[in-house]
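Residues per chain are reported as follows:
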Amino acid sequence: MPSSKSTSAKQKSAANAASATTHQAQQQVAQTSNAVQTLLKAYNETTSSRLKLIDTFLVFLMLSGVMQFAYCVLVTNFPFNAFLAGFSSCVGQFVLTASLRSQVNPENGAVFKEVSPERAFADFVLGSIVLHFFVYNFLG
Amino acid sequence: MATRLLALLGLALSVCAKSSTGNSVLVLLEPSLDKANYSIFFNGLTESGYNLTFRSPRDTKPAVIEDDVAQFSHVVVFAPDTKNFAQDVTPQSLITLLSKGTNLLLALSHKKQTVVNSLAAEFSLILPPPGTPLVSHFPERDTPATVIPVKPTANAILPTNNLPPIWFSGIPFAYSSNPLLVPILNAPSESFAADSSSDSGADAVFEAADKGGEGLWAGSQLGLVAGFQPYGGARVLWAGGVEMFSDEYAEKEVTAGQKSGNAQFVKNVAAWAFQESMVLRIDSVTHHRVNETDPPEMYTTNDNVVFGAHISAFNSETSAWEPYSGIKDMQLEFTMLDPHIRIALPAVTGKPGQYGVTFRAPDRHGVFKFVIDYKRKGWTHLHSSTIVPVVPPRHDGYPRFLSAAWPYYAGAISTSLGFVLFSALWLAGEDRASKKTKTAKIE
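Residues numbered from 1 in each chain as written. Chains lettered and ligands numbered in written order. Predicted model: local features only at pLDDT ≥ 70, side-chain atom pairs only at ≥ 80, totals over all residues. Heavy atoms only, no water.

What follows is about the packing of aromatic side chains. Under the definition given, this model contains 36 aromatic pairs over all chains. Look at F41 of chain B and F245 of chain B: their rings are 5.1 Å apart centre to centre, the planes differ by 55°, and that puts the pair in the tilted class. Highlighted residues: F41 of chain B in helix α2 (residues 39-48) and F245 of chain B in the loop between β15 (236-239) and α6 (247-251), separated in sequence by 204 residues. In this pair, the class of F41 of chain B matches that of F245 of chain B, namely buried. Among the aromatic residues, those joined into a ring-pair cluster are F57, F60, F121 and F124 of chain A together with F419, F422 and W426 of chain B. Between K35 of chain B and the ring centre of F54 of chain B, over which it is positioned, the NZ or CZ distance is 4.0 Å. Positioned above the aromatic ring of W167 of chain B is the side chain of K252 of chain B, whose terminal nitrogen or guanidinium carbon lies 5.4 Å from the ring centre. (Phe/Tyr/Trp six-rings, centres within 6.5 Å; stacked < 30°, edge-to-face > 60°. Helix = DSSP H or I, 4+ residues; strand = E, 2+ residues; numbered from the N terminus. Buried < 20%, exposed > 50% of the residue type's maximum accessible area, 1.4 Å probe, protein only. Lys NZ or Arg CZ within 6 Å of the ring centre and 35° of its normal.)

Okay, structure coming up:
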């Protein structure tokens, strides 16, 4: 009889401990999901639609670059020049778009005094055209 | 009786037989041999269409070579007892004749060491010591032991040999390993070479048989009649003795009522030596790409190439070259220093004499040769070599878009399209933004 009692007590304490850890884990998950949600909410509210447009373009470029890199590593790097051309097309376009974003962002207006948004966009277009020229030449 | 009829038939058929290289024959008959004793052989040749010219080996006229041109197509040397030859028929000049395409028929001497015997060594035939003719005590017969009936067997030049036994008297020879030799008649297995036919020489032969090796001149490893095909196309026939060609042996009976096969055998063997039978030639060689007819100036690597050859054999009965499709084992090599491709060249069905094959040129560029190199014992050696250049593909000969690179093409194109779309949206948004600010200002 006493053994059964102690075992049941042990079981109870174990159950208590287990529930405590799961509760902690749940709390942590809830916290991180809360953090992500608040981040997304803040992002949605604070960024203008133009910057959001730039951001979607950046995400698309990143995905395209990752997919090309994965294909090169996993399947074959056979026409290596083609890989370099495609990958650097994504990377170069990403860099140009990121620099456009930082030049056009009104919060950075103090840093880029002599560069108007239109000038930034014109630079972006010019740089992109040169980049695409090199990419199609190297693509083979 | 039957063999007589056969011989007559053979004679009748061969009246029109001619050689593919010419009909003039020079017979070097030494004075001690009587021409009348060889009338069956010589008349047979004349009936076949050859023009025989007789000359003693010591005479200087008619000359065999004049102004570096061979005057006769064939030379027969029946001079077993002559030690010195005239200047223009010494063994060295006979070799020169061979390189000019003259065929030779030589008979060896069993009594002395003549110059003809020493020439045999140049043809990879090892002769026994002088004065050791072939001796056989079997089968029981009433001729001396040096006159031996030999049963001919099938060989390279007479594949089906149903001839009766052949009388032979002379010396045997042993063969060195030389792929150009064509054994025609081998000694019977119970024969041996000894310097006398009495039993007093038996001890020496017995000792040699015990030791084995070079001392043993016995058995069917010895040859009696052999052919040789040097480079250049001429043919040489070596016979161990001149009596084989004589009338006496041709008419001697082997068994009661059955004549020997000497006349027919000698006729067949002379026909081979004088390039009547088993003579081939390559008439033409063509090569081109598949679906084309003319040969291009140069091939590209990995091209599909068609190669064709037309081969004729000489028909001595009609003395004409007829297309011959009977070669089953010819090979074509596509060679640049080493054969890169070696494939069978079979006969094309439906086109007599035409052989063709299609193959893919190798992946190497360079100067290649189409090589036909066909050497079979008894048949004319066929050689042909055609040089073609094979170049790598031109810059526009490669495939334009590689299927392995489509993800990269898609990535680059999607980046460009995304850029264009982005700029369009940006400029459209700019319109709206400026309108907003304008309205804000107005307000």
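That shown, we press on.
Another point: the interface of chain A and chain B. Of the residues lining the interface, 32 residues belong to chain A; the matching set on chain B comes to 21 residues. When chain A packs against chain B, the two sides together hide about 2400 Å² of surface, and 75% of this comes from carbon and sulfur. At the junction of chain A with chain B, the criterion picks out zero salt bridges. There are six residue pairs in polar contact (both at pLDDT 80 or more) connecting chain A and chain B. Elements with a contribution of two residues or more to the side of chain A that touches chain B: α2 (49-74), α3 (80-104) and α4 (117-139) of chain A. With ten residues, α2 of chain A is the largest single contributor of residues to the side of chain A that touches chain B. The residue makeup of the side of chain A that touches chain B, split by class, is 20 nonpolar, ten polar and two charged. (Contact = heavy atoms within 4.5 Å. Buried area = accessible area lost by both parts, 1.4 Å probe. Salt bridge = Lys/Arg side-chain N within 4 Å of Asp/Glu carboxyl O. Polar contact = N/O pair within 3.5 Å; in protein donor to acceptor, adjacent residues only side chain to side chain. Nonpolar A, V, L, I, M, F, W, Y, C, P; charged D, E, K, R; others polar.)

Below, the discussion takes up the confidence of the model for chain B. Looking at chain B as a whole, the pLDDT averages 87, with 89% of positions reaching at least 70. Across the whole predicted complex the pTM is 0.72, and at the interface the ipTM reaches 0.79. (pLDDT = per-residue confidence, 0-100.)

Time to look at the environment of Q221 of chain B. Residue and element names in this part refer to chain B. With respect to the helices and strands, the residue Q221 is situated in the loop between α5 (202-211) and β14 (223-228). A residue is classified by how much of its surface remains accessible, and Q221, at 49% relative accessible area, is partly exposed. Q221 sits 46 residues away from Y175 along the chain, and the two C-alpha atoms are 8.1 Å apart. Leave out the neighbours within four places in its chain, and Q221 touches Y175 and L216. Within the structure, Q221 has its side chain in polar contact with the backbone oxygen of A218 (distance 3.0 Å).

Our next topic: the sheet that holds strand β2 (residues 51-55) of chain B. Residue and element names in this part refer to chain B. Strand order in the open sheet formed by seven strands is β2-β1-β5-β6-β15-β14-β12, with mixed pairing between adjacent strands. Edge positions in the open sheet fall to β2 and β12 (181-186), since each of these has one partner strand only. Going across the sheet, the axis of each strand differs from the next one's by a mean of 15°, ignoring polarity. Two elements, β14 and β15, share four bridges in a ladder whose sense is antiparallel. Considered in β15, the bridge of V225 is made with A239. Seen against the sheet, α2 touches β1 (24-29), β2, β5 (74-78) and β6 (103-107) and runs at an angle of roughly 140° to β2. (Pairing = 2+ DSSP bridges. Axes fitted to C-alpha atoms, helices over the stretch in contact; angles between N-to-C directions.)

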